[in-house]
Amino acid sequence: MTKVLITGGSSGIGLETARGVARRLPDAEIWVTGRNEARLDEAVRVIRAEGAEARWFRVDFSSLADVRRLADEVSAEARGGLDVLINNAGLWHQNRRTSTDGFEDTFAVNHLAPFLLTLRLMPRLLEAGRPERRARVVTVSSRLHERPKGLDLADLADPARYEGLPVYGRTKLCNVLFANELARRLGGEPVTSNSLHPGSVRTEVTRDSFLLSLGIRIAAPFLKTAAEGAATSIRLATDPRLEGVTGGYFSDEAQLPPSDPARDQELARKLWEWSLEWVGLDPTSLASPLRNA
Ligand SMILES: NC(=O)c1ccc[n+]([C@@H]2O[C@H](COP(=O)([O-])OP(=O)(O)OC[C@H]3O[C@@H](n4cnc5c(N)ncnc54)[C@H](OP(=O)(O)O)[C@@H]3O)[C@@H](O)[C@H]2O)c1
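Summarised in this report is the structure supplied together with it. (Residues numbered from 1 in each chain as written. Predicted model: local features only at pLDDT ≥ 70, side-chain atom pairs only at ≥ 80, totals over all residues.)

**Side note on the overall build of the chain**
The condition is simple: A helix here means a DSSP run of H or I that spans at least four residues, while a strand means a run of E at least two residues long, and both kinds are numbered starting from the N terminus. When we talk radius of gyration, it's over C-alpha atoms, and the globule rule is simply 2.2 Å times the number of residues to the 0.38. Exposed residues have 12 or fewer other C-beta atoms within 10 Å of their own C-beta, buried residues have 20 or more, and partly exposed residues fall in between, where C-beta atoms are placed from the backbone. Contacts are defined on C-beta atoms placed from the backbone: any two residues whose C-beta positions lie within 7 Å are in contact.
Secondary structure assignment for the chain yields 10 helices and eight strands. For the chain, the C-alpha radius of gyration of 17 Å lies close to 19 Å, the compact-globule estimate for 293 residues. In the chain, which comprises 293 residues, the proportion classed as buried is 48%. Counting only contacts in the chain whose residues sit at least 6 apart along the sequence, the fraction spanning at least 24 positions is 73%.

The following block contains the structure:
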């Protein structure tokens, strides 16, 4: 049975990704995460209606302890291996918020949480991966990763100046840098790592801002539906023609070059090292392929 974990699978693009994966892999067991039990119950009902097995895990990505607990629970359930991890959960805040651990919250939820989760789940992904059928890590970024012209690492965790969209764009640049660095470190291992832009999609991601939410309602006819926005994630998670493709950035189901800073290998390496410190991971505790700088 193919085991697939989709973070933020309780709504929007994540839920439609789960439905699409269920249709393509009817033998799959699909696990979704979110904060709200009622939304998670409904998501599981909808995924099961597509014919796949489903269950949920509750987690708040604003807390690193909660991310560690999730990783432990999933690791215990995924004995035999985790085939696909889709790092989809993400948010945008109009005003500055601080995570449980004292980080700027957009950065904590959009970058630190998937970084920590992926590294803690790597032994299970390596267990599932085979040369002929690799395990896959798919990280949902955004075209807004192109907005920052560089990344001041010292300003990420607690930015001197808070502006919602630029801060969000920086976290989405972190997503591409992380996905690329993960691919590089995994080298010849049977686990791939790619990132993507889902398109401009009609979801609740701007729920924090009355003005942006109004803008989304007005622009609705020109935006993708959540199902359309899920297409690239679904392809990266399931398409056999992408077997072995790693370190790529995709949009509209096709691979294209990300921004210049997103291709900066030295920046990706530094972000990795800083992120290990931020989440309190000892490099020697990582699955062995990830220790190679
Ligand atoms: N919509 C777009 O136009 C667009 C464009 C580019 C990229 N993206 C990216 O696409 C991904 C999915 O976003 P979406 O548009 O589908 O938004 P959404 O409808 O708001 O869904 C976000 C998902 O993330 C989860 N989540 C948010 N904060 C969380 C936290 N602190 N802890 C745990 N889970 C949390 C939510 O769970 P709850 O049920 O707990 O809220 C929900 O399942 C995000 O990474 C976003 O940055 C979206």
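**Concerning the site of the ligand**
What counts, and what does not: Only the C-beta atom matters for nearness: placed from the backbone, it must lie within 6 Å of the molecule or strand for the residue to count as near. Residues are grouped as follows: Ala, Val, Leu, Ile, Met, Phe, Trp, Tyr, Cys and Pro are nonpolar; Asp, Glu, Lys and Arg are charged; all remaining types, including Gly, are polar.
Near the ligand, the surroundings consist of 28 residues, among which Gly 8, Gly 12, Arg 35, Gly 90 and Thr 203 are the closest. Sort the elements by how many residues they give to the shell around the ligand and helix H1 (residues 12-24) lands first, with three residues. Residues of the shell around the ligand, tallied by class, amount to 10 nonpolar, 14 polar and four charged.

**Quick notes on the sheet that holds strand S1 (residues 3-6)**
Where we set the bar: Strands were regarded as paired on the criterion that DSSP finds at least two bridges between them.
Ordered in space as S3-S2-S1-S4-S5-S6-S7-S8, the eight strands form an open sheet in which the pairing is mixed. Whereas interior strands pair on both sides, the edge strands pair on one side only; in this sheet they are strand S3 (53-58) and strand S8 (254-255). Bridge analysis of S1 against strand S4 (residues 84-87) gives three bridges, and the strand direction is parallel. Bridge assignment links Ile 6 to a residue of S4, and that residue is Ile 86.

**Considering unusual backbone geometry**
One non-glycine residue, Asp 252, lies in the positive phi region at around 50 degrees. Take Asp 252: there are 14 C-beta atoms within 10 Å of it, and that puts it in the partly exposed class. The backbone of Glu 253 sits at a positive phi, close to 65 degrees, despite the residue not being glycine. By the secondary structure assignment, Glu 253 is in the loop between strand S7 (249-251) and S8. Its 14 C-beta neighbours within 10 Å are what place Glu 253 among the partly exposed residues.

**Focus: the pairing of strand S2 (residues 29-34)**
For the record, the criterion: Classification remark: right-handed applies to a crossover when, strands pointing away from the viewer, the course from the first strand over the helix to the second runs clockwise.
Of all six residues in S2, five are buried; the element is thus mostly enclosed. Sheet topology places S1 next to S2; four bridges connect them, and they run parallel. Its bridge partner being in S2, Leu 5 is matched across the sheet by Trp 31. In this fold, S1 hands off to H1, which returns the chain to S2; that crossover is right-handed. Bridge analysis of S2 against S3 gives six bridges, and the strand direction is parallel. Within the sheet, the bridge partner assigned to Trp 31 lies in S3 and is Arg 55.

**As for the packing of helix H4 (residues 105-128) against helix H9 (residues 265-279)**
Applied cut-off: In this analysis an axis means a line fitted to C-alpha atoms, helices contributing only their contacting stretch, and an angle means the value between N-to-C directions, from 0 to 180 degrees. Convention used here: angles under 35 degrees read as roughly parallel, angles over 145 as roughly antiparallel, angles from 65 to 115 as roughly perpendicular, and any remaining angle as oblique.
Direction vectors running N to C along H4 and H9 enclose 85 degrees, while the axes themselves pass 10 Å from each other. When the axis of H4 is compared with that of H9, the two are roughly perpendicular. Counted together, Leu 112, Phe 115 and Leu 116 of H4 and Ser 275, Trp 278 and Val 279 of H9 form the full contact between these two elements. Residue composition of the contact of H4 with H9, by class: five nonpolar, one polar and no charged.

**Quick word on the environment of Lys 172**
With respect to the helices and strands, Lys 172 occurs in helix H5 (residues 164-186). Distance from Lys 172 to Gly 90, taken between C-alpha atoms, is 9.4 Å for residues 82 residues apart in sequence. In contact with Lys 172, not counting residues within four places along its chain, are Asn 110, Ser 141, Ser 142, Leu 144 and His 145.

**A short note on the nonpolar core**
To be explicit about the condition: The term nonpolar core refers to a group of buried residues, namely Ala, Val, Leu, Ile, Met, Phe, Trp, Tyr and Cys, whose C-beta atoms join them within 7 Å.
Ile 30 and Leu 112 are the most contacted members of the largest nonpolar core, which totals 82 residues. Look past the residues within four positions of Ile 30 in its chain and what remains in contact with it is Val 4, Ile 6, Ala 18, Val 21, Ala 22, Ile 47, Ala 52, Glu 53 and Ala 54.

**A closer look at the packing of H4 against H5**
Put simply, the rule is: Handedness of each helix crossing follows the sense of rotation of the near helix against the far helix: counterclockwise by less than a right angle gives left-handed, clockwise gives right-handed.
Where H4 meets H5, the axes come as close as 8 Å, and the angle between the chain directions of the two elements is 15 degrees. By the angle between their axes, H4 is roughly parallel relative to H5. The crossing of H4 and H5 is right-handed. Every residue of H5 that contacts H4 at Thr 106, Phe 107, Asn 110, His 111, Phe 115 and Thr 118 is listed here: Val 167, Tyr 168, Thr 171, Lys 172, Cys 174, Asn 175, Phe 178 and Leu 182. Residue composition of the contact of H4 with H5, grouped by class: seven nonpolar, six polar and one charged.

**Topic: the environment of Val 44**
Structurally, the position occupied by Val 44 is in helix H2 (residues 37-48). On the basis of neighbour count, Val 44 is assigned to the buried category, with 20 C-beta atoms found within 10 Å. Through-space distance from the C-alpha of Val 44 to that of Ser 233 is 19 Å; in sequence the pair is 189 residues apart. Those residues in contact with Val 44 that sit more than four places away from it in its chain are Ala 54, Arg 55 and Trp 56.

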